[in-house]
Amino acid sequence: MTTLSPAAHTKPSFANDPLHLIDVDHVQFYVGNAKQAAFFYAHCFGFQIEQVSDLTSGSRDASHYLLTQGNIRFILTSPLSPTHHAAMEVAMYGDGVKDVAFNVYDAEKAWERAISNGAQPAYEPRHFKDEHGTVTMAGIKTFGRVNHTFVSRTGAYDLTKVKQGAAFMPRFRKFDTTATSAGAGGINPILTINDYNKKNPCGLKYVDHLVGNVELGKMNDWVKFYEQVLEFSMFMHFDDKDIATDFSALMSKVMSSGQGLIKIPINEPAPGKRKSQVQEYLDWHANTPGVQHLALRTDDELHSIAALRSRGVDFLSLPDAYYEKVWDRVNTMLKQHGHQAVKEDHEAIRKLGILVDADDEGYLLQLFTKPLQDRPTLFFEIICRRGAQSFGKGNFKALFEALELEQERRGNL
Ligand code: FE2
């Protein structure tokens, strides 16, 4: 079974989406060493290391690696000089998400509309042009260090062509994966890892949602921002009674783009006896809001988690008691709403340490990695939806307990 991004199989009708977001064009990370990070994401998460823009292709100030899997495109950017803005940001925040970019028909128009809706510009429209086509990018600021860029593409740089392997934009080159580019011993490491990943896919398809952590008292301001500037609407919300343990809590409101292309839950810490996970993130992120996690969608949670575990991905581990209660909770909820019970093998789910939750529309399987860098900041969620459109509220308490255990190990609780 293949699931495409909502954008890819829904005929665009933008009645509820005046900015006309077609797809997630890419997610850009600022990292200390893009060359090394590319191998980390390829090795651990099965991404293809597809293209690069660096000194060899005419990029003098920064290097950018394009990594792809399904309909996910990551751009890993590293500064080549201390004056590039990524240099300051990496020093301040460590590696993390800088930009969640949306593909639109007309980037300039979308940007102008967002600005007239009250957005702060991150940068003015820029046109990257050569004989193959044009890529137009224009950015607005969102919470903390994060931007949203609008991207429109013409000619060979159209997103459908990029998905088929065309160059991402001018000054990007594909990795030369011919035998002649191999080093000593005839081994080309990028060809080797890409080939391994093609034969052993991890099954990640697209970005399901991304979560922003903002400061205490600021959640509603950012909810308003997504309503007014990007013309999103609120999809659901949780208060500190929903997401709390005896020790710590958070509050969350989920914003959704008009056509459901992307959902963005906004979290703020809530007062508790001990430090909220959102506050821990902020403490290690120069007290600046940012992306807490990216949720990557799979059609086969068991396969994806088994593959990622075998590649060395570290996931949060749950208290054993979780599986004593989960089937009653989930299958009772599914039965109440006339849905089939969870079809995946229950014992395999337990062995792989996967979380399960249900709502009135079905169920979901999910699991969270540990932080992807030394700072306790960005992590990934691997999620599979079987009807459920929610975010695993029933798991929050179990998950919080697991997260707090990790916080305690880091001396941050
Ligand atoms: Fe999530």
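Only a predicted model underlies this, so the values are computations on that prediction, with no experimental measurement involved. (Residues numbered from 1 in each chain as written. Predicted model: local features only at pLDDT ≥ 70, side-chain atom pairs only at ≥ 80, totals over all residues. Heavy atoms only, no water.)

1. As for the overall build of the chain
For step 1, the next point in the chain: Scanning the chain for helices and strands turns up 12 helices and 17 strands.
For step 2, the next point in the chain: Relative to the 2.2 N^0.38 estimate, which gives 22 Å for 413 residues, the radius of gyration of the chain is 21 Å and therefore close to what a compact globule would have.
For step 3, the next point in the chain: Projecting the C-alpha coordinates of the chain onto the three principal axes gives extents of approximately 60 × 55 × 45 Å.
For step 4, the next point in the chain: Relative to its 413 residues, the chain shows a buried fraction of 56%.
For step 5, the next point in the chain: Carbon and sulfur atoms make up 52% of the accessible area of the chain, which amounts to about 17900 Å² in all.
For step 6, the next point in the chain: For the chain, the distance from the average site of its 45 positive side-chain charges to the average site of its 50 negative ones is 2 Å. (Helix = DSSP H or I, 4+ residues; strand = E, 2+ residues; numbered from the N terminus. Rg over C-alpha atoms; globule rule 2.2 N^0.38 Å. Buried < 20%, exposed > 50% of the residue type's maximum accessible area, 1.4 Å probe, protein only. Areas by Shrake-Rupley, 256 points an atom, 1.4 Å probe, with all protein chains shown as cover. Lys, Arg positive; Asp, Glu negative; His and termini not counted. Charge placed at Lys NZ, Arg CZ, Asp CG, Glu CD.)

2. Some points on helix 3 (residues 85-93)
For step 1, the next point in the chain: Looking only at helix 3, the buried set comprises A86, E89, V90 and Y93. Looking straight down helix 3, one finds that the buried residues subtend no more than 100° of arc, so they occupy a single side.
For step 2, the next point in the chain: The elements touched by buried residues of helix 3 are strand 1 (23-30), strand 4 (72-79) and strand 5 (96-103).
For step 3, the next point in the chain: G94 sits one or two positions beyond helix 3 and adopts a positive phi of about 75°. (Arc of directions from axis to C-beta. Contact = heavy atoms within 4.5 Å.)

3. Notes on the coordination of the iron ion
For step 1, the next point in the chain: Coordination sphere of the iron ion, protein contribution only: H209 (NE2), H293 (NE2) and E381 (OE), at 2.0 to 2.2 Å.
For step 2, the next point in the chain: Of note, the iron ion draws all its donor residues from one chain, in the sequence arrangement H-x83-H-x87-E. Remark: E381 occurs in strand 17 (residues 379-386) and H293 occurs in strand 14 (residues 290-298); sequence separation between them is 88 residues. Both residues of the pair, H293 and E381, belong to the buried class. (Donors = N, O, S within 2.8 Å, 3.2 Å for Na, K, Ca; no water.)

4. Quick look at the pattern of salt bridges
For step 1, the next point in the chain: Tallied over the entire structure, the rule returns 13 salt bridges.
For step 2, the next point in the chain: Its salt-bridge partner being D208, residue R385 comes within 2.8 Å of it at the nearest N-O pair. Taken together, the positions of R385 in strand 17 and D208 in strand 10 (residues 204-213) put the pair 177 residues apart, joining distant regions of the chain. Each member of the pair, R385 together with D208, is buried.
For step 3, the next point in the chain: What you see here is one network of salt bridges that share partners, running through E89, K98 and R145. (Salt bridge = Lys/Arg side-chain N within 4 Å of Asp/Glu carboxyl O.)

5. Observations regarding the packing of aromatic side chains
Remark: the centre distance and the inter-plane angle together describe each pair of aromatic rings, the angle taken between the planes.
For step 1, the next point in the chain: Going through the model one piece at a time under the given rule, you end up with 19 aromatic pairs.
For step 2, the next point in the chain: A centroid spacing of 5.9 Å and a plane angle of 40° characterise the contact between Y41 and F380, whose relative ring orientation is tilted. Highlighted residues: Y41 in helix 2 (residues 34-45) and F380 in strand 17, separated in sequence by 339 residues. Across this residue pair, the class does not change: Y41 and F380 are buried.
For step 3, the next point in the chain: What links up through ring pairs into an aromatic cluster is the set F29, F40, Y41, F45, F47, F74 and F380.
For step 4, the next point in the chain: When the ring centre of F168 is taken as reference, the NZ or CZ atom of R153 above it lies at 4.6 Å. (Phe/Tyr/Trp six-rings, centres within 6.5 Å; stacked < 30°, edge-to-face > 60°. Lys NZ or Arg CZ within 6 Å of the ring centre and 35° of its normal.)

6. Remarks on the pairing of strand 1
For step 1, the next point in the chain: Burial of strand 1 is extensive: 8 of the 8 residues sit out of reach of the surface.
For step 2, the next point in the chain: Two strands pair when backbone bridges link them, and strand 1 and strand 5 are joined in this way by 7 bridges, in the antiparallel orientation. Bridge assignment links V27 to a residue of strand 5, and that residue is V100.
For step 3, the next point in the chain: One ladder, built from 4 bridges, connects strand 1 with strand 4; its direction is parallel. Among the inter-strand pairings, V27 is bridged to a residue of strand 4, identified as F74. (Pairing = 2+ DSSP bridges.)

7. Let's talk about the pairing of strand 10
For step 1, the next point in the chain: Most of strand 10 is tucked away, with 9 of its 10 residues classed as buried.
For step 2, the next point in the chain: Of the pairings in the sheet, the one linking strand 10 to strand 14 comprises 8 bridges and is antiparallel in character. Of the residues in strand 14, the one forming a bridge with V207 is L296.
For step 3, the next point in the chain: Note that strand 10 and strand 13 (residues 263-270) share 3 bridges and pair parallel. The residue bridging N213 from the neighbouring strand is N267, located in strand 13.

8. Examining the confidence of the model for the chain
It should be kept in mind that the predicted coordinates are not to be read in detail where pLDDT is low.
For step 1, the next point in the chain: In this model, the chain carries an average pLDDT of 90, and 91% of its residues clear a pLDDT of 70 or more.
For step 2, the next point in the chain: Across residues 1-11 the pLDDT falls below 50, and counting only partners more than four positions away or on other chains, this stretch makes 19 contacts in the model. (pLDDT = per-residue confidence, 0-100.)

9. Considerations on the domain arrangement of the chain
For step 1, the next point in the chain: Here the chain is described as being made up of domain 1 (9-199) and domain 2 (204-410).
For step 2, the next point in the chain: Between domain 1 and domain 2, the residue contacts involve 51 residues of the former and 41 residues of the latter.
For step 3, the next point in the chain: Summing the contributions of domain 1 and of domain 2, the shared interface buries around 3600 Å²; its carbon and sulfur component is 67%.
For step 4, the next point in the chain: Area buried by domain 1 at its contact with domain 2 is led by F45, Y93 and F143, which between them contribute 20% of it.
For step 5, the next point in the chain: At the junction of domain 1 with domain 2, the criterion picks out 1 salt bridge.
For step 6, the next point in the chain: We note a salt bridge from R113 to E231, for which the minimum N-O separation is 2.6 Å. (Domains from an automatic or database assignment. Buried area = accessible area lost by both parts, 1.4 Å probe.)

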